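Breakdown of the fold
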Amino acid sequence: MSGALAEKNILLAVTGGIAAYKAAELSRQYVKAGANVKVVMTQTAESFIPAKTLGILSKQAVLTDGDRDGSASVEHVAWGRWADAIVLAPATANTLAKVANGLADNVLTETLLASNAAVKIMAPAMNDQMWHNPATQRNLQTLQGDGWTMIEPATGFLAEGYEAKGRLAQLETIILTTEQALFDGQTDGQRDAFDNQPLKGRRVVVTAGGTKEPIDPVRFLTNRSSGKMGYALAEAALAAGAEVTLIAATKRDCSKAIHLVLAPSAKEMLTAVEEAMTDADAFIGAAAVSDFALAKPFDKKVKKTSPDAHFTLDLVQNPDILKTVGQNKKSGQVVIGFAAETNDLLQNAERKLKSKQADMIVANDVLAPAAGFDKDTNQVTLIQANQVPIEIGPKSKSAIAADIIHQLVTILDGQ
Ligand code: C5P
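The rules behind each value
- Residues numbered from 1 in each chain as written.
- Predicted model: local features only at pLDDT ≥ 70, side-chain atom pairs only at ≥ 80, totals over all residues.
- Heavy atoms only, no water.
- Helix = DSSP H or I, 4+ residues; strand = E, 2+ residues; numbered from the N terminus.
- Contact = heavy atoms within 4.5 Å.
- Buried < 20%, exposed > 50% of the residue type's maximum accessible area, 1.4 Å probe, protein only.
- Arc of directions from axis to C-beta.
- Near = heavy atom within 4 Å.
- Polar contact = N/O pair within 3.5 Å; in protein donor to acceptor, adjacent residues only side chain to side chain.
- Areas by Shrake-Rupley, 256 points an atom, 1.4 Å probe, with all protein chains shown as cover.
- 1 Å grid on protein atoms, 1.4 Å probe; cavity = no way out; pocket = protein on both sides within 12 Å on 5 of 7 lines; lining within 4 Å.
- Sits in = over half its atoms within 2 Å of the grid points.
- Nonpolar A, V, L, I, M, F, W, Y, C, P; charged D, E, K, R; others polar.
- Right-handed = clockwise from strand over helix to strand, strands pointing away.
- Pairing = 2+ DSSP bridges.
- Core = buried A, V, L, I, M, F, W, Y, C linked by side-chain atoms within 4.5 Å.

1. Regarding the side chain of S226
Relative to the elements of secondary structure, S226 occurs in the loop between β10 (219-221) and α12 (228-239). When residues no more than four places from it in sequence are discounted, the contact partners of S226 are G209, T250, R252 and D374.

In structure tokens:
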């Protein structure tokens with residue numbers, strides 16, 4: 001953990017969902033990372049985890065509705081002001097609705113309403129139907145518009161006894177998001193790191209996500225890539241002043257200034273990339289492109305037949321997008337690819353540098369604990385011809401993306 005949390009004041013606001021017990025470990029981890037933690041909780045949260053537990057772990061008295069009754073205390077205002085970051089976790093649908101509407105009917109909502117913390121993070125956890133309810137989605141939109149950073153719930157086994165979206169995100173994700181948001185706040189973010197907008201006037205094309213190759217109208221072949229690295233690269237290139245086209249197989253939230261083109265399959269991605277590359281300065285192929293697609297996807301849903309019947313898919317090789325861009329690159333265009341490897345990282349990446357005619361390969365060992373698919377962190381090695389490899393991380397994907405963009409600037413400037 002970098003020092004982004006050291007001496008920072010974190011107000012952990014805990015509401016009453018089954019995940020409330022996880023607030024204990026969360027506050028312990030914040031304290032371990034050097035932060036000052038104060039906890040405010042709702043009465044319902046107290047029915048899931050005693051205030052005493054959170055008080056011992058945070059090493060501070062906990063603010064509860066019991067403190068509010070009959071006292072003329074303005075503790076909630078002081079606490080709200082004290083916070084560098086508010087972390088609302090777990091956030092129930094009920095409290096999200098209240099905060100989105102500015103209600104202050106308990107000590108937690110009062111504290112949040114009275115706070116002007118620069119960093120506000122919410123980690124919702126609730127039943128999947130409550131999550132998908134349009135009212136909840138509307139409230140989440142409102143909160144994001146008010147400057148709240150949302151950490152999406154995870155999909156998994158819910159208290160209701162089935163698999164669905166609604167579990168509190170992993171604590172590691174919550175900690176990393178807090179770290180990143182405080183770091184961004186401290187330095188005015190990546191925008192500061194790219195203060196002089198080194199990519200102003202440049203066009204950058206980025207690919208993201210795991211491609212989806214149709215089998216029939218309802219099924220597809222895909223892989224474990226989440227698209228997070230590609231989206232982080234697009235954001236970093238934007239922060240550096242570039243005009244960014246992000247060609248993604250997977251839809252995620254991103255800055256409105258990014259020109260997002262959805263291209264689920266490798267063929268669709270190649271068409272979109274070739275069009276975008278006509279006037280681009282750089283290409284970053286972060287997408288995990290499926291190497292194979294069905295020779296002929298079925299027009300209708302394939303039905304099962306007898307139980308022991310075999311069903312074989314006829315696969316053909318997909319176009320190699322990176323290689324095509326590398327082969328067709330015009331003078332001045334910079335091409336960067338990724339190499340997700342499970343063994344012989346450097347040798348394979350160096351081979352790829354040549355075979356794809358790329359200017360740089362970002363190699364990552366997808367089996368390393370902090371690296372790879374669907375994680376928020378990564379650990380990579382940047383490989384260029386006749387240069388010493390540059391090792392980066394482990395750190396957040398957005399911090400890695402900023403380093404890759406810095407390297408892109410160096411390559412472009414050196415041309
Ligand atoms: O050859 P390999 O798939 O290992 O190389 C990875 C790099 O090549 C990544 O940058 C990926 O985006 C790109 N790639 C591609 N088209 C493919 C396969 C991989 O652009 N069909």
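The rest of the description comes next.
2. Overview of helix α5 (residues 75-82)
Within α5, burial applies to H76, W79 and G80. Mapping the buried residues of α5 onto a view down its axis gives an arc of 100 degrees, with all of them on the same face. Residues of α5 that are buried in the fold lie against β1 (9-14), β2 (36-41) and α7 (107-114).

3. Quick notes on the site of the ligand
As a matter of local geometry, the ligand sits amid G285, A287, V289, D291, P319, D320, I321, L322, G337, F338, K352 and K356. Separating a nitrogen atom of the ligand from a side-chain N or O atom of D320 is a distance of 3.4 Å. Here I321 contributes a backbone N or O atom positioned 2.9 Å from a nitrogen atom of the ligand. Expressed as a share of its isolated accessible area of 450 Å², the protein-covered part of the ligand is 84%. Applying the majority rule of atoms within 2 Å of the grid points places the ligand in the second largest pocket. Broken down by secondary-structure element, the contributors of at least two residues to the shell around the ligand are α14 (321-327) and β16 (334-341). Classifying every residue of the shell around the ligand by side-chain character gives six nonpolar, two polar and four charged.

4. A closer look at the pairing of strand β17 (residues 360-365)
When you tally the buried positions in β17, you get five out of six residues, the bulk of the element. Assessed by its sense of winding, the connection that carries the chain from β16 through helix α15 (residues 345-355) to β17 is right-handed. Here β17 runs beside strand β18 (residues 377-383); their pairing, made up of three bridges, is antiparallel. Across the sheet, A363 pairs through a bridge with T381, a residue of β18.

5. Description of the nonpolar core
One recurring pattern in soluble globular proteins is that nonpolar side chains are buried together. If you look at the biggest cluster of nonpolar residues, it comprises 40 residues, and the most contacted ones within it are L199, V204, L233, I284, I404, I405 and L408. Breaking this core down by element, the ones donating at least two residues are β8 (203-208), α12, β11 (243-248), β13 (282-285), β16, β17, β18 and α16 (397-413). In this structure, L5, V14, V39 and L182 belong to the second largest nonpolar core, which totals 36 residues.

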